[in-house]
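What follows is the residue order along each chain.
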Amino acid sequence: MKAFFDARQLGHAPDIYFRRGAAMPHQEQPRRAELLRDMLIAEDFSISAPRDHGLAPIKAVHNPDYVDFLPDAHARFVADVGPDALAIPTAHPGRRRGKEPKDIHGQLGWWMTDTSTPLTAGSWDAAYWSAQTAVEGAEEILSGARAAYSLCRPPGHHAMRDCSNGFCFFNNACIAAHHLTSKYRKVALIDVDVHTGNGSLDILYERGDIFFCSLHPDPKTYPTFYLGHADETGAGEGEGASMNILLEQGAGESDVLAALDKGLAAIRDFGAEALVVSLGFDMAADDPLAAVAVYPEGFAEMARRLAAMNLPTVLVQEGGYLGPSLTDNARAFLTTFREAIR
């Protein structure tokens, strides 16, 4: 199983964001990708840089105007207010959106939902190459490989069609899933990050060719809030093709694995021909953003059950932050998955 990563993904390096009204150190740091990369090297995974597939795969799932806003947004912000201010939105349009403004501050609020995706000088390159890493994983599957691991950073599953959200700029997993539909009639995307895949739900909600399932605590009381309720099952052509499985906060491994089994059964019923996994290691008991309690053997068991689907699979990295067990959890999952598909 090949892995894909580009060092330019380390360029997004935000210092702080605001959470519950307070400025705090940003959890989504380059170091988390370095630790995962170093584990891959230590475990003899083959790591390749992705090719440049251009903007077309990104714009296939995102509003092209949103994509075009990002490349020079940080430079425009700095030109207006200087390098010491934090490039985050301070105004939002509300429910009745109106029209996109031309002012950079108005545009930040138009295309960005919260303070968790502050723009830095390297944000565009990092987000762009994170998306290319996902496309390359899908390309590996399209070429006949059984599985691929895309070490995507920044993560992507909170990014909606036309806005950033929750540490995420581009929805890497949706980009990969859409890319696979060039060959596979039915694709499934299962999200095992601890947070709801609200961006994936937004993008895929009316699609009938990609089944989406997310495992997460109830968004009534747990971030990212708003989307991911059990009664959100798709609309139009996508009716019945979305599934949100709610976990209790503090749930243990048996509860998480039972939820995973439920999601995998639905994917079988859907008749998926290929699989994308939004892979989050923030289900770990000691993750800084922990809400459930999964340990390395639990991640290994998740890997066995996902591999047992016997589908061409792209593993797309999502969360998993700088907790003590991050490397152990990643090693347990990825080495187990690799062994299971041999």
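Residues numbered from 1 in each chain as written. Predicted model: local features only at pLDDT ≥ 70, side-chain atom pairs only at ≥ 80, totals over all residues. Heavy atoms only, no water.

## Quick word on the pattern of salt bridges
- All chains considered together, the criterion is met by 18 salt bridges.
- Across the pair Arg331 and Glu43 runs a salt bridge whose closest N-O atoms are separated by 3.0 Å. Taken together, the positions of Arg331 in helix 11 (residues 326–340) and Glu43 in the loop between helix 1 (30–42) and strand 4 (47–48) put the pair 288 residues apart, joining distant regions of the chain.
- The exposure class assigned to Arg331 is partly exposed, which follows from its relative accessible area of 28%.
- A salt bridge links Arg305 to Glu301, with the shortest nitrogen-to-oxygen separation between them at 2.8 Å. Here Arg305 pairs with Glu301, and both are found in helix 10 (residues 296–307), just four residues apart, close to one helical turn.
- A residue is classified by how much of its surface remains accessible, and Arg305, at 23% relative accessible area, is partly exposed.
- Using a relative accessible area of 22% as the deciding quantity, one classes Glu301 as partly exposed.
- Each of Asp261, Glu297, Glu301, Arg304 and Arg305 takes part in a single network of salt bridges with overlapping partners. (Salt bridge = Lys/Arg side-chain N within 4 Å of Asp/Glu carboxyl O. Helix = DSSP H or I, 4+ residues; strand = E, 2+ residues; numbered from the N terminus. Buried < 20%, exposed > 50% of the residue type's maximum accessible area, 1.4 Å probe, protein only.)

## Things to note about the sheet that holds strand 5 (residues 147–150)
- Overall, parallel pairing links the eight strands, which are arranged 4-1-5-10-9-6-7-8 in an open sheet. Taken across any chain shown, the strands that pair with only one partner, and hence form the sheet edges, are strand 4 and strand 8 (242–247).
- With five bridges connecting them, strand 6 (residues 187–191) and strand 7 (residues 210–217) associate as parallel partners. Counterpart to Ala188 in the pairing with strand 7 is Phe211.
- With respect to the sheet, helix 7 (residues 172–180) is in contact with strand 6, strand 7, strand 9 (274–279) and strand 10 (313–317), its orientation differing from that of strand 9 by roughly 175°.
- Here helix 11 sits on the sheet in contact with strand 5, strand 9 and strand 10, set at roughly 170° to strand 10. (Pairing = 2+ DSSP bridges. Contact = heavy atoms within 4.5 Å. Axes fitted to C-alpha atoms, helices over the stretch in contact; angles between N-to-C directions.)

## Some remarks on the environment of Leu315
- Within the element layout of this structure, Leu315 appears in strand 10.
- In this structure Leu315 comes out as buried when scored by relative accessible area, which is 0%.
- It is 6.5 Å that separates the C-alpha atoms of Leu315 and Ser278, two residues lying 37 residues apart in sequence.
- When sequence neighbours within four positions are dropped, the list of residues in contact with Leu315 reads Met1, Ala148, Tyr149, Ser150, Val277, Phe333, Leu334 and Phe337.

## Re the side chain of Asn63
- Inspection of the secondary structure assignment puts Asn63 in the loop between helix 2 (56–59) and helix 3 (64–69).
- On the accessibility criterion, Asn63 (14% relative accessible area) is buried.
- Other than its neighbours up to four places away in sequence, Asn63 contacts Trp111, Arg161 and Asp162.

## Let's talk about the packing of aromatic side chains
- In the structure shown here, the tally under the stated rule is 14 aromatic pairs.
- Look at Phe281 and Phe299: their rings are 5.5 Å apart centre to centre, the planes differ by 75°, and that puts the pair in the edge-to-face class. Of the two residues, Phe281 is situated in the loop between strand 9 and helix 10 and Phe299 in helix 10; the sequence distance between them amounts to 18 residues. A single burial state applies to Phe281 and to Phe299, both of which are buried.
- Here the aromatic rings of Phe333 and Phe337 are separated by 6.1 Å at their centres, their planes lie at 10°, and the arrangement is stacked. Residue Phe333 and its partner Phe337 are located together in helix 11, separated by four residues, close to a single helical turn.
- Across the ring face of Phe45, the terminal group of Arg338 is positioned such that the distance to the ring centre comes to 3.9 Å. (Phe/Tyr/Trp six-rings, centres within 6.5 Å; stacked < 30°, edge-to-face > 60°. Lys NZ or Arg CZ within 6 Å of the ring centre and 35° of its normal.)

## Considerations on the pairing of strand 3 (residues 22–25)
- Bridge analysis of strand 2 (residues 16–19) against strand 3 gives four bridges, and the strand direction is antiparallel. Its bridge partner lying in strand 3, Ile16 is registered against Pro25.
- Between strand 2 and strand 3, which pair antiparallel one after the other, the connecting turn spans two residues, and Arg20 there sits at a positive phi close to 55°.

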